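Analysis of the macromolecular model
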Amino acid sequence: MKKSQKTIESILAGYPRHPQNLIGLLQDVQAEYNYISPEHLALICDHVGAPLTQAWSVATFYKSFSLEPRGEHEIKVCLGTTCHLKGGNRLVETCERDLGVARGQTTEDLRFTLDTVNCLGSCALAPVVMVDEDYLGGANIRSLKKRLSKLE
Amino acid sequence: MVNLTIDGRAVQTKKGQTILEACDDLGIFVPRLCYHPALKPIGACRICVVEVKPGPPRPLPACATYVAEGQEVVTASPKLDVIRLELMKLVLINHALECPVCDKGGECELQDLTHAIGVPEVDLAAVKLPPNQDYESQLVERHPDRCVTCGRCIHICRDRVGAMAINFTLRGYFTELTSGAVPLDCEFCGSCIDICPVGALINKQFKYRSRAWEVTKTEMACPFCGGGCTYELHVKDGKVMRVFNGGDKVVLCGRGRFGWPVVEAPDRLKTPLIRQDGQLQEATWDEALDLVAAKFRQITEAAGLGAIYGVGSPRATNEANYLFQKFFRQGLGTNNLDNPGRYTYIRALQGLAAVFGPAQVSGVELDPSRPPAFTSPYPVTDDAKGKGFPFVLGKIDDLPKADVVLVVGADVTPELPPLGWALLEARERDAFKLIVANNRRTKFDRYADLSMRCQPGTERLLVAGIIKALLAAEVTPAIRASGVEEFKESLKKLTLKDVAKKTGVEEAAIKAAADLLAQALAPAIIFGAELLAQDKGQENALALADLFLLVGKPGAPGSALYPVAEKNNTRGVCEVGVLPDFGPGFAPVDKPGAALPEVLALLEKGDAAAPQSLYLLGGDLLRFAPNHKQVEKALKKVPFIVVQDAFLTETAKLAHVVLPVAVHAEQEGTFISSDGTLGYLPRALSANGVKPDCLIIHEIASRMGYSIPTGGPANIFKDLAKAMPLWAGLAPKGSEPRADFGKDLSGQLVPFDLDVSLPGRRPLTLLVGKSLQHSGSFTTHHPCGALTVTPRAELGMNPDDAQGLGLTEGDAAKVTSSQGEISVPITLNPDLPPGLVFLPEHFADPAANALTLNSNLVRVTISKG
């Protein structure tokens, strides 16, 4: 976890009070806290002068926003056609077993969020797993476990 | 006109119409689901697709495609049938087939469309979505599993109501209607219910009570404010089932849509009451009416005809109020009568009359043929000319044509909901500018181009500042204006710096407002009962009338003054002459009687000239007149009080005879709305033993030997309308639009009082005002729907003020003024600036007017407990 977290006030202060800044603020809060809490959503709405329902609608429309706490590290296992054939499913199952969460969920200690994606556009590297911003190509159970243990 | 062919037929349509609108006009049926005439095209369902040549090689939505010269449109073809069938199947995949228990069954657009398109079966399947019903919200029940995601409710909530309380969540197949978090927190107007094509939004009052086809529908005027809306009352077996507003407009407020159960309130009076041995006892109608007539005769014989004082009612119909003034003028022969509008609306009329002169109508002649019922016998001809103050009052339907609107001292939506909707409509034009000047943040500050926050009670000085800035810029009035020099002289000592200091509004903002108004082609001014209820309310109206004389362009539609007449017939009761100084149609009378506040003061003093008896047609003086203590003292000194009301109000409790009256749809009659349109109220319910106001007045009059017209409201209206050339061309709303009078306006700039000080030294200022869900005290009786949302009076307070006093949400606060003390729970409201607290006026307990002296503003001290 980052050492110093920006306060919500300092994030809000960076944007003028106009509804057009709704998405920018949602992105900043998402990046800083890994999710958008109901309290933060309300503060953002008050700041930009948008109704809560609109913020709710925007935040649920885009996949990159989460209204529930997300883990510090995001693991995205590709299940596109090629990765599927190359055993992507086994990788997800391994992660589920090891982390003790189902796909789409976050571990209780808020360290990992496990997700599946439909294609990462790197079929030549199949099966692919994305850990945070890094691609892990030609992944197998051993290399994935090794990569995850490095994070801990 | 545009020439095109639709389905091979050569047709002519209006320019700027969409293909769907053109088809509707021509009677060509095009299936649709998301289109609604009350909204701008949404284009979500795609069921109205048509083939258009020239155009892209794919079908286009008829709702969002405009007609063009030479176009060829095909609305039905095998290709289109396939598309529509497929789309319907997609809609139906996840639609809960609960038609037998769904409230919408029988009036469901999806049912009708499935039938019209002939969907044989849905051979598609997909994941069933969770139903996620919302049973918790008040008044509205949501069934997202029945939703067809047409978006109508979201659009009406955002564009027409301005609440933005609902929206879609997620996307694609998973899209779901949501309020963000259960339960709903909105204006509770229920407009989303009536615009929903299916049963996804349900009226809780109507749920499971009736099927759509079992009800008798009656179109009528709404009695819950001066807005003059009309709606359908649905009645089954003599009971109201719901209020519904289909048609083209749909929007109603919460009072109108959910307020009707007040008719069934168990605390309504059912029999007359007579005071015996100090107690009000039940009596028969004959006993009560005989007693009233006998007592009235006795009092007039002993103390003269002027010894009975009448107070008309802004709740009662025009016909009842007209008979009432006739009873006094022709029967008793006095002008001793008034109406409670004296504390608000009459002040506006007086202020406007001082500037624009008295009402004068010329070139209007009686039509010898018989007009239809409830229609004025005077047609408006080309010669018809109107002069004076009634002709600077605007029509709500014209307001969207104004290009600059100044709102002063009015939280528009609670004051008069339709005025708020008209403002939202005006906003759709790019050139529109809104200036809001209030003492607190209101809903319309969000939409304002210029939002000024002034100190409570300094609105008039702010207007003076704007006028000063206009005069400095040498604005030439569009209306003939006299008295300019004297007027300038009266403002000579005023400086903008001074105004800025006292009002708390920056000098630049005042100048900007003046600029906007000076450049406006059609400026309009809205001011509320809140501004008029100040002790110098008349001066406030005068200041705004002066401002309008300087900048107004009465020739342009929408450019007018819009004072709020708060109740359904506040304007009507004045126009039909329940005034001490004017008869019907504002015709001056010879010997004016005393105004209501003077009478109350005389009574309190025990003056010999004070009336011996009061005849009150509704009008709960103890609740609405300021200075509760004085009014109570005055009323207790009256030897004989007759009250006609539906409820045993605080005032009725002091009466000697209480006569229960019919309300709402239990009687026939008409109202004049705040903008001067005629609303017709037909009788749709049985009166169950109580009598309409008209009948009661008639029976008292005939017992006293006076002959006043009878034969039901239609006959009374005929007699009334004959006396009212001012009403020329008037007909019930919804019939032919009333032709406009030629206006011959001129005015005189009248100096007004610049002193805006508020007496007293207490730290906080209390504002007694309107609540969104209530109208008068009528809506405060169970089981009125408005009470579900706003069940009690709460003192609104700025969170910082509350923190300073050690109070939190829901704590009881002791509010003390020089006049009295009340205890009331507080609610935190960041819209209120520090130093201002707000209390709604509607509730009997705590009585807001126990604190006031002669204004709706009073200085108070607040402490815990």
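Source: prediction; values computed, not measured.

1. Observations regarding the overall build of chain B
Helix and strand content of chain B: 25 helices and 39 strands. Here the C-alpha radius of gyration of chain B, 28 Å, is about what a compact globule of 865 residues would show, namely 29 Å. Oriented by its inertia axes, the alpha-carbon framework of chain B measures out at about 90 × 70 × 65 Å. In chain B, buried positions account for 61% of the 865 residues. Counted over contacts in chain B with a minimum sequence separation of 6, partners at least 24 positions apart contribute 74%.

2. A few points about the interface of chain A and chain B
The interface is formed by 10 residues belonging to chain A together with 12 residues belonging to chain B. Interface of chain A and chain B: buried area, both sides summed, is about 940 Å²; carbon and sulfur atoms make up 54% of it. Area buried by chain A at its contact with chain B is led by Thr53(A), Trp56(A) and Phe61(A), which between them contribute 49% of it. Taken together, chain A and chain B are joined by 0 salt bridges. Where chain A touches chain B, the interface holds 5 residue pairs in polar contact (both at pLDDT 80 or more). Of the residues in the side of chain A that touches chain B, the class split is 4 nonpolar, 5 polar and 1 charged.

3. Notes on the packing of aromatic side chains
Residues and elements named next belong to chain B. For the structure on display, the rule yields 23 aromatic pairs over all chains. Seen from their ring centres, Phe327 and Tyr615 are 5.8 Å apart, and the 85° between their planes marks the pair as edge-to-face. In this pair, Phe327 is assigned in helix α8 (residues 318–332) and Tyr615 in strand β27 (residues 613–617), connecting sequence segments 288 residues apart. Note on Phe327: relative accessible area 0%, which makes it buried.

4. Focus on unusual backbone geometry
Pro127(A) follows Ala126(A) through a cis peptide bond whose omega is -10°. Along the chain, Pro127(A) falls in the loop between β2 (112–117) and β3 (129–131). The omega torsion across Asp845(B) and Pro846(B) is 0°, close enough to zero to call that bond cis. Within the secondary structure, Pro846(B) is located in the loop between β38 (836–840) and β39 (857–864). Its identity as a non-glycine residue notwithstanding, Met164(B) has a phi of 50°, on the positive side. As for its position among the elements, Met164(B) is in the loop between α4 (152–161) and β7 (167–169). By relative accessible area, which is 16% here, Met164(B) ends up buried.

5. Overview of the sheet that holds β2(A)
All names here are of chain A. With mixed pairing, 4 strands are arranged side by side in an open sheet as β2-β1-β3-β4. Looking along the sheet, the strands with just one partner apiece sit at the ends: β2 and β4 (134–136). Taken pair by pair, the neighbouring strands of this sheet meet at an average axis angle of 20°, ignoring direction. Where strand β1 (residues 73–78) and β2 come together, 6 bridges link them in parallel fashion. Bridge pairing in β2 links Cys78 to Val117. Against the sheet, helix α7 (residues 141–151) engages β1, β2, β3 and β4, with an angle of about 150° to β4.

6. Some details on the domain arrangement of chain B
Residue and element names in this part refer to chain B. With domains assigned, chain B is organised as domain 1 (2–76), domain 2 (109–264), domain 3 (273–341 + 568–736), domain 4 (396–559) and domain 5 (764–864). Of note, the centres of domain 2 and domain 3, computed from C-alpha atoms alone, are 39 Å apart. Taken together, the two surfaces of domain 2 and domain 3 that pack against each other cover about 1400 Å², and 69% of this comes from carbon and sulfur. Interface area lost by domain 2 to domain 3 is led by Ala221, Pro223 and Val263, which between them contribute 35%. On inspection of domain 2 and its partner domain 3, the count reaches 0 salt bridges. Taken together, domain 2 and domain 3 are joined by 5 residue pairs in polar contact (both at pLDDT 80 or more). Sorting the residues of the side of domain 2 that touches domain 3 by element identifies β10 (216–221) and β11 (230–236) as the ones contributing at least two each. Among the residues forming the side of domain 2 that touches domain 3, the class breakdown is 14 nonpolar, 6 polar and 1 charged.

7. Side note on the packing of helix α2 (residues 22–33) of chain A against helix α3 (residues 38–48) of chain A
All names here are of chain A. Running from amino to carboxyl end, α2 crosses α3 at an angle of 150°, the nearest separation of the two axes being 10 Å. The pairing of α2 with α3 is recorded here as roughly antiparallel in orientation. For the pair α2 and α3, the sense of crossing is right-handed. Residues Leu22, Leu25, Leu26, Val29 and Tyr33 of α2 form the contact with α3, whose own contacting residues are His40, Leu41, Ile44, His47 and Val48. Of the residues in the contact of α2 with α3, the class split is 8 nonpolar, 2 polar and no charged.

8. As for the confidence of the model for chain B
Mean pLDDT over chain B: 93, with 99% of residues reaching 70 or higher. For this predicted complex, the interface score ipTM comes out at 0.80, alongside a pTM of 0.92.

9. Brief notes about the packing of helix α9 (residues 345–356) of chain B against helix α17 (residues 537–551) of chain B
All names here are of chain B. Packing of α9 against α17 brings their axes to within 7 Å, and their N-to-C directions diverge by 40°. Accordingly, the angle class assigned to the pair α9 and α17 is oblique. The handedness of the crossing between α9 and α17 comes out as right-handed. Every residue of α17 that contacts α9 at Arg347, Ala348, Gln350, Gly351, Leu352, Ala354, Val355 and Phe356 is listed here: Gly537, Gln538, Ala541, Leu542, Ala545, Asp546, Phe548 and Leu549. Class assignment for the residues of the contact of α9 with α17 results in 10 nonpolar, 4 polar and 2 charged.

10. Thoughts on helix α21 (residues 628–636) of chain B
Residue and element names in this part refer to chain B. Listed as buried for α21 are His628, Gln630, Val631, Ala634 and Leu635. Taken around the axis of α21, the buried residues stretch over an arc of 165°, which confines them to a single face. Residues of α21 that are exposed and angled more than 90 degrees away from the buried face: Lys629 and Lys636. For α21, the elements touching its buried residues are α19 (596–605), β27, α20 (621–624) and β28 (640–645).

Calculation rules
- The residue numbers shown here count from 1 along each chain, following its written sequence.
- Naming scheme: in the order in which they are written, chains are lettered from A and ligands are numbered from 1.
- This being a predicted model, a pLDDT of at least 70 is required before a residue's local features are given, and a value of 80 or more before pairs of side-chain atoms are given or counted; all residues contribute to the totals for chains, interfaces and linings.
- Excluded from the side-chain calculations are hydrogens and water; all other atoms, namely the structure's heavy atoms, are used.
- Secondary structure elements are defined from DSSP: runs of H or I of at least 4 residues count as helices, runs of E of at least 2 residues count as strands, and each element is numbered from the N terminus.
- For the radius of gyration, the atoms used are the C-alpha atoms, and the globule rule reads 2.2 Å times the number of residues raised to 0.38.
- When a residue's accessible area, from a 1.4 Å probe over protein chains only, is under 20% of the maximum for its type it is buried; when over 50% it is exposed; and in between it is partly exposed.
- Any two residues having at least one pair of non-hydrogen atoms within 4.5 Å are treated as being in contact.
- Accessible area that two parts lose when put together, evaluated with a 1.4 Å probe and summed over both, is termed the buried area.
- The term salt bridge refers to a pairing of a side-chain nitrogen on Lys or Arg with a carboxyl oxygen on Asp or Glu at a separation within 4 Å.
- For the purposes of these results, a polar contact is taken to be a pair of N or O atoms within 3.5 Å, where, inside protein, one atom must be able to donate a hydrogen and its partner to accept one; residues adjacent in sequence count only when each atom of the pair is a side-chain atom.
- Amino acid classes used here: Ala, Val, Leu, Ile, Met, Phe, Trp, Tyr, Cys and Pro are nonpolar; Asp, Glu, Lys and Arg are charged; the rest, including Gly, are polar.
- A pair of Phe, Tyr and Trp rings is counted when the ring centres sit within 6.5 Å of each other, with Trp represented by its six-membered ring. The angle between the planes then sorts it: under 30 degrees is stacked, over 60 is edge-to-face, the rest tilted.
- One bridge is not enough; two strands pair if DSSP finds at least two bridges between them.
- Only the contacting stretch of a helix is used when fitting its axis, a line to C-alpha atoms as for every element, and angles between N-to-C directions run 0 to 180 degrees.
- These domain limits were set by an automatic method or by a database of domain assignments.
- Working definition: roughly parallel below 35 degrees, roughly antiparallel above 145 degrees, roughly perpendicular at 65 to 115 degrees, and oblique for all remaining angles.
- Helix crossings fall into two classes, left-handed where the near helix is turned counterclockwise from the far one by less than a right angle and right-handed where it is turned clockwise.
- Residue-level confidence of the predictor is what pLDDT reports, using numbers from 0 through 100.
- Comment: arc refers to directions from the helix axis out to C-beta atoms.

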